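Read off the chains here:
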Amino acid sequence: MSVAAKQRLWKQVTATVVMQRDYARGFRWLELEVASDFHMPVAGQFVQLLLTPPSPVLLPRPMSIAGAVRKRARAGKPGPIELGFLYSPVGVGTRAIAALEAGASVEVTGPLGVGYPLEASGTPVLVAGGRGVAPLLMAADALAAQGRKCEFVFGAREKELLIGLGEARERIAKAGGRLHLATDDGSRGFKGNVVQLLDQLQAQWGSTPHVIHACGPHGMLGAIARFGLRHGVPAHLAMESVMACGTGVCRGCPLPRSQSARQAVLALGAEAASLKGNPEFAMCCTDGPVFEAHDLDWDLIE
Amino acid sequence: MSHTRAWGKPVAGSKVDLSVRIGSLMLRNPVLTASGTFGYGDEYAHVVDLRALGGVVTKTVTCEPRSGNPPTRIAETPSGMLNSIGLENVGLHRFRDEKLPRLRELQATVIASVGGETPEELATLLNALGGERGIGAFEINFSCPNVAAGGARFWAVPKRLEDTMGLLRRLTKLPLIAKLSPDVTDIRETARACEAGGADALTAVNTFVGMAIDLERVRSRLGKATGGLSGPAIKPLALARCHEAANAVRIPVIGSGGILTGRDALEFIAAGATAVQVGTATFVEAGAAPRVVSEMREWCARHGVKQLSELRGTFSAAPAQVVAPEPARP
């Protein structure tokens with residue numbers, strides 16, 4: 001399938017809230033059911049959640065998918081898909097989403113964007129910073145389903161902010177992977193940040209190829225990108241941006257491309273170029289949200 | 001005493017003729033996509049049948065490709081959004097060679113939006129695209145609020161608009177639609193200037209210049225100080241500008257600004273618009289524009305309106321009755 005066709009599998013559907021519950025530190029876990037014809041998302045992709053009227057906000061809210069499970073077939077037809085989200089209600093829109101109860105309807109557009117290339121060769125190293133854990137839970141699920149072992153590196157400022165640690169443990173256990181924790185204050189695991197921890201781990205990797213899939217604050221992702229470039233470890237980073245449409249139309253979520261990526265875009269053939277049409281900026285929604293370390297200019301990203 | 005107008009008997013939806021004419025261009029219905037909110041048409045083609053729309057106004061194309069403004073480009077505000085995109089587009093050649101053939105394939109009625117910093121740039125675009133199959137009309141973007149050169153402020157000078165329209169008029173037989181900025185003292189002046197220069201129609205209006213401040217950081221919430229405000233927040237403002245423009249000229253006016261529903265669209269028609277554009281609504285709901293078409297048709301059928309000309313411009317400010325408040329309609 002061409003790049004263009006792959007990106008145009010999204011649709012806008014009405015989903016039903018299956019359940020929503022409190023999580024540690026004000027975080028919420030939300031589960032939505034969408035009909036069977038919704039395209040099965042991959043880890044790192046996102047959806048746009050739109051509240052049904054009356055809504056306190058106009059635009060939909062981009063939200064990273066933390067889990068996707070196809071339910072049992074019903075009457076010989078493929079089952080619906082259950083989508084899980086781990087998020088923190090920080091603004092008017094997400095607070096309204098947090099108030100949705102089981103049975104409520106919400107509009108879902110997706111799956112959107114480019115996810116993690118989990119098929120990439122090498123031992124997957126999943127690196128989560130704080131609430132950035134959401135898509136990596138899904139990545140761990142997918143790797144476990146393939147029976148692939150992974151290293152899961154999870155960092156936060158303090159142990160209470162290792163949100164979703166229980167879920168991470170479960171998934172890693174399934175695949176027989178290893179969990180590494182880091183906290184800035186040393187209240188749990190390694191004392192320091194995930195990049196310092198990666199430095200230690202990398203010393204043990206020897207010549208075994210590894211590949212990083214990460215999500216977290218942009219500062220952390222920039223540091224991981226530089227780590228990857230320094231050590232020749234491919235790194236795939238899930239970025240965030242304010243968005244309007246989420247589908248590449250409004251051009252509202254630019255991220256600065258690196259020099260090499262600019263050259264590469266200019267050299268692309270017609271079809272790919274029309275998707276990645278802008279040599280200066282990549283769009284978070286359709287070129288990403290998952291980018292390779294050498295795609296972006298990390299000096300310009302805050 | 002009833003304070004609603006006496007409408008005709010309801011008719012079947014199939015009896016409602018929504019077609020409208022913009023210069024020599026017949027549109028199957030009056031709903032267009034607003035420039036910059038529907039890409040080059042193909043982005044939404046898998047979820048929207050472009051043939052169900054009156055037409056697709058493309059993202060503004062300029063002579064050279066443009067990368068657009070630095071982040072942040074979007075800030076949501078109460079009932080609206082600010083954008084500072086800065087005319088990012090693929091440029092004339094890729095528009096002609098890649099985007100236009102795809103739009104032809106999708107059988108959309110295409111209105112190509114063009115933008116330039118000088119009359120000569122606009123002329124270059126019209127000369128290059130005028131002979132292309134599949135373009136039904138041009139919309140001249142005289143009103144981008146987000147570029148340093150060739151933006152709304154530069155163009156909002158009646159003499160410049162009239163001269164430029166006069167120059168462009170000589171280059172093509174296709175209908176020319178001038179898209180106006182609302183940020184002027186008197187939109188009647190810019191509207192009349194475009195008409196005098198030979199415009200076939202006007203679009204009223206582009207976004208309003210606005211700001212949003214992150215108070216804690218005392219910084220703009222956009223990459224630049226200002227952006228263009230769109231969405232339902234501007235509908236009353238846009239309606240007033242559209243009404244004023246429509247009353248000032250004889251050529252058709254295309255209403256634009258905050259339209260989310262068929263009712264919104266019909267309010268613009270009642271205020272004097274011949275057609276409408278749906279913009280920000282598409283970011284919320286990809287299928288907003290075709291939904292507006294069917295809602296317009298339903299409303300007209302229910303009220304016995306067989307042609308939009310029966311409603312167009314019938315808005316009256318006259319009767320100052322004291323009326324009981326009516327419940328808000330969605």
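Our subject is the structure listed above.
Here the residue index of a chain counts from 1 through its sequence in written order. All chains are assigned letters beginning with A, and all ligands numbers beginning with 1, in the order in which they are written. With pLDDT at 70 or above as the cut-off, local features in this predicted model cover only qualifying residues; side-chain atom pairs require 80 or more to be listed or tallied, and sums for whole chains, interfaces and linings still use all residues. Just so you know, side-chain values use all the structure's heavy atoms and leave hydrogens and water out.

It is worth spelling out unusual backbone geometry at this point. A:Pro289 follows A:Gly288 through a cis peptide bond whose omega is 10°. Counting from the N terminus, the helices are DSSP H or I runs at least four residues long and the strands are E runs at least two residues long. With respect to the helices and strands, A:Pro289 occurs in the loop between β15 (281-283) and β16 (290-292).

For the rest of this paragraph, the subject is the side chain of A:Glu167. All names here are of chain A. If you trace the backbone, Glu 167 turns up in helix α4 (residues 165-175). Working definition: with a 1.4 Å probe on protein chains only, accessible area under 20% of the residue-type maximum means buried, over 50% means exposed, and in between means partly exposed. A relative accessible area of 16% places Glu 167 in the buried class. Definition of a polar contact: a pair of N or O atoms within 3.5 Å, with one able to donate and the other able to accept a hydrogen when the atoms are protein atoms, and with sequence-neighbouring residues admitted only if both atoms are side-chain atoms. A polar atom in the side chain of Glu 167 sits 2.3 Å from the side chain of Tyr 23. In what follows, a contact means two residues having at least one pair of non-hydrogen atoms within 4.5 Å. Those residues in contact with Glu 167 that sit more than four places away from it in its chain are Arg 21, Tyr 23 and Leu 137.

Residues and elements named next belong to chain B. DSSP calls a pair of strands paired once it identifies at least 2 bridges connecting them. On the basis of which strands lie adjacent, the open sheet formed by four strands has the order β5-β6-β14-β11 and antiparallel pairing. Pairing within the sheet leaves two strands with one partner each, and these edge strands are β5 (74-77) and β11 (208-210). Strand-to-strand twist of the sheet, defined as the mean angle between neighbouring strand axes without regard to direction, takes the value 35°. As defined by bridge partners, strand β6 (residues 80-83) adjoins strand β14 (residues 227-230) across three bridges and the pair is classed as antiparallel. Note on β14: the bridge partner recorded for Leu 82 is Leu 229. Helix axes are fitted to C-alpha atoms over the stretch in contact, other axes to C-alpha atoms as well, and angles between N-to-C directions run from 0 to 180 degrees.

All names here are of chain B. Judged by pairing direction, the barrel is parallel, and its eight strands sit side by side in the order β3-β4-β7-β8-β9-β10-β15-β16 before closing back on the first. The average undirected angle you get between the axes of adjacent strands in this sheet is 25°. The pairing of strand β3 (residues 31-33) with strand β16 (residues 275-278) spans three bridges and is parallel. By the bridge assignment for β16, Leu 32 is matched with Gln 277. Helix α2 (residues 119-129) contacts β7 (110-114), β8 (135-141) and β9 (176-180) of the sheet and is inclined by roughly 170° relative to β8. Set on the sheet, helix α7 (residues 262-270) makes contact with β15 (253-256) and β16; between it and β16 the angle comes to about 145°.

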